[in-house]
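# Residue-level structure breakdown
Listed below, chain by chain, are the residues.
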Amino acid sequence: MLNKDHPRYQSLVYRDKIVKAHKQGILADSGMIAHGRGETFDYLIGEKTTPNSQNTIDIAACYFLTSKNPVLSVNGNTTALVSKEVAELSKLLDIPVEINLYYRTPERIRNIEKVYNNLGVKELLGTDDDDFIDTPNLNGPRSPVSIEGIRKADLVFIPLEDGDRAEKLSALNKNIINIDLNPLSRTAQTSTVTIVDNIVRAMPAIITSINKYIDYDKKNLQEKIDNFDNKINLNNAIQDIIKRFE
Ligand code: ATP
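Residues numbered from 1 in each chain as written. Predicted model: local features only at pLDDT ≥ 70, side-chain atom pairs only at ≥ 80, totals over all residues. Heavy atoms only, no water.

### Focus on the pairing of strand β1 (residues 70-74)
The condition that has to hold: In this scheme, a residue with accessible area under 20% of its type's maximum is buried, one over 50% is exposed, and one in between is partly exposed, where area comes from a 1.4 Å probe on protein chains only. Helix and strand labels come from DSSP, where a helix needs a run of H or I of at least four residues and a strand needs a run of E of at least two; each type is numbered from the N terminus. A pair of strands counts as paired when DSSP detects no fewer than two bridges linking them. Seen with its strands pointing away from the viewer, a crossover is right-handed if its path from the first strand over the helix to the second goes clockwise.
Of all five residues making up β1, five are buried, and the element is well covered by its neighbours. Residues of β1 alternate between two faces, with Pro70, Leu72 and Val74 on one and Val71 and Ser73 on the opposite face, all of them buried. As judged from the three bridges shared by β1 and strand β6 (residues 155-157), these two strands associate in the parallel manner. Counted as the bridge partner of Leu72 is Phe157 from β6. Sheet topology note: the β1/strand β2 (residues 97-99) ladder contains three bridges and is parallel. When the sheet's bridge partners are listed, Ser73 is paired in β2 with Glu98. Between β1 and its parallel partner β2, the chain crosses via helix α4 (residues 76-93), and the hand of that crossover is right-handed.

### Topic: the site of the ligand
Operational definition: Only a single heavy atom is needed: when it lies within 4 Å of a molecule or strand, its residue is near that molecule or strand. Whenever a nitrogen or oxygen atom comes within 3.5 Å of another N or O atom, the pair is scored as a polar contact, on the condition that within protein one atom can donate a hydrogen and the other can accept it, and that pairs from neighbouring residues in sequence are kept only if both atoms are in side chains. Note that accessible areas follow from Shrake-Rupley with a 1.4 Å probe, and for residues the cover is restricted to the protein chains shown.
For the ligand, the set of nearby residues contains 17 residues, the closest of which are Gly163, Asp180, Arg186, Thr187 and Asn198. One of the side-chain nitrogen or oxygen atoms of Asp180 is found 2.8 Å away from an oxygen atom of the ligand. In this structure, an oxygen atom belonging to the ligand sits 2.9 Å away from a main-chain N or O atom of Arg186. Expressed as a share of its isolated accessible area of 640 Å², the protein-covered part of the ligand is 86%.

### Focus on the environment of Cys62
The condition is simple: Residue contacts are defined here by distance: any two heavy atoms, one from each residue, within 4.5 Å place the two residues in contact.
Along the chain, Cys62 falls in helix α3 (residues 51-66). Accessibility expressed as a relative area gives 0% for Cys62, which makes it buried. C-alpha of Cys62 to C-alpha of Arg165: the two residues are 103 residues apart in sequence and 23 Å apart in space. In this structure Cys62 touches Tyr213, Leu221, Lys224 and Ile225, once residues within four positions along its chain are discounted.

### Some points on the pairing of strand β7 (residues 175-179)
Counting buried residues in β7 gives four out of five residues, a clear majority hidden from the surface. Where β6 and β7 come together, three bridges link them in parallel fashion. Looking across to β7, one finds that Leu155 is bridged to Asn175. As a crossover connection, the stretch from β6 through helix α7 (residues 163-171) into β7 is right-handed. Pairing analysis gives three bridges linking β7 to strand β8 (residues 193-195), with the strands arranged parallel. Opposite Asn178, over in β8, you have Thr194 as the bridge partner.

### Quick look at the packing of aromatic side chains
Short version of the rule: Only centres within 6.5 Å qualify two rings of Phe, Tyr or Trp (six-membered ring in Trp) as a pair; their planes then separate them into stacked at under 30 degrees, edge-to-face at over 60, and tilted for everything else.
Inspection of every chain in the model, using the stated rule, returns three aromatic pairs. Relative to Phe157, the ring of Phe64 has its centre 5.6 Å away and its plane inclined at 65°; by these criteria the two rings are edge-to-face. Note that Phe64 is positioned in helix α3 and Phe157 in strand β6, a separation of 93 residues in sequence. There is no split in this pair, since Phe64 and Phe157 are both buried. When the centroid spacing of 4.9 Å and the interplanar angle of 90° are considered together, the rings of Tyr213 and Tyr216 count as edge-to-face. Given a relative accessible area of 6%, Tyr213 falls into the buried group. The class for Tyr216 is partly exposed, based on a relative accessible area of 40%.

### Notes on the nonpolar core
Quick note on the threshold: Residues grouped as a nonpolar core are buried Ala, Val, Leu, Ile, Met, Phe, Trp, Tyr and Cys residues, joined through side-chain atoms within 4.5 Å.
Phe64, Leu89, Ile177, Met203 and Ile206 are the most contacted members of the largest nonpolar core, which totals 49 residues. For this core, the leading source of residues is helix α9 (residues 199-213), giving nine residues. In this view, Phe64 contacts Pro70, Leu72, Leu89, Leu93, Ile95, Leu155, Phe157, Ile177, Ile206 and Ile210; residues no more than four positions away in its chain are not counted.

### With respect to the side chain of Asn198
By the secondary structure assignment, Asn198 is in the loop between β8 and α9. Among all residues touching Asn198, those that are not within four sequence positions of it are Asp42, Ile179 and Leu181.

### Considerations on the sheet that holds β8
Formally: Every axis in this analysis is a line fitted to C-alpha atoms, fitted for helices over the stretch in contact. Angles between the N-to-C directions lie between 0 and 180 degrees.
In space, the six strands of this open sheet follow the order β3-β2-β1-β6-β7-β8, with parallel pairing throughout. The strands lining the two open edges of the sheet, one partner per strand, are β3 (124-125) and β8. Sheet contacts for α3: β1, β6, β7 and β8; angle to β8, the most-contacted strand, approximately 135°.

### Details of unusual backbone geometry
One non-glycine residue with positive phi stands out, namely Leu160, at about 50°. When you line up the elements, Leu160 lands in the loop between β6 and α7. For Leu160, a relative accessible area of 29% puts it in the partly exposed group. The phi dihedral of Asn173 falls on the positive side, at around 65°, and the residue is not glycine.

Here it is as structure tokens:
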């Protein structure tokens with residue numbers, strides 16, 4: 001039983017979710033390590049959404065609202081922490097969810113599939129019933145992508161992703177939105193928009209921002225996108241970390 005008065009209660013709640021997801025066969029062993037790396041960077045940014053990250057979240061919302069075929073690509077960590085918000089975003093925009101696992105096994109796919117089916121996701125791709133093609137120049141278990149999903153997509157949302165796949169997707173000229181607490185990761189560096197924030201804060205904030213912009217003229221949204229520079233965003237995120245040491 002977690003003690004609500006514990007000063008790190010929220011962090012313990014998320015650790016608990018990670019451990020449960022591991023026991024349920026949703027999360028691979030290395031997913032627990034990836035969570036630890038995320039926690040470290042969350043400490044460094046002060047465990048809150050910075051003004052710079054809030055601005056980036058708004059830009060991500062603009063991308064979602066101006067793209068033709070966005071797809072939400074999810075792995076075990078994302079499912080462990082924010083499956084409800086993924087399902088909500090998929091419903092809000094009527095877009096598919098694609099399961100894409102680094103350590104793909106039929107059992108993990110089935111376990112994750114069950115989570116999203118129970119949450120009522122209408123279009124779930126990347127399951128073993130799907131048709132796959134390989135991501136060009138990417139070897140390994142993360143290479144197969146759903147023909148219906150990522151190949152057709154103009155915008156791919158890949159939270160907590162590894163760098164190889166992000167690099168290859170960006171070479172395919174797809175816009176990439178990523179959530180990663182580490183502004184120095186290869187994924188952060190190669191994405192079109194990198195939200196440097198904890199996924200547990202960023203996902204609800206993206207949904208709020210989409211609802212804020214949903215009736216805006218597309219031209220206004222495009223203007224916001226055109227004025228955004230991911231390099232400046234990442235530099236700001238690094239400066240936010242440096243300031244914490246001063
Ligand atoms: P890359 O291959 O992109 O250089 P990496 O090897 O660190 O980076 P992984 O370990 O595959 O990539 O992915 C985990 C990434 O997700 C890490 O950068 C980590 O900081 C980030 N991360 C983990 N948990 C969270 C979370 N809850 N919210 C946001 N980011 C997180």
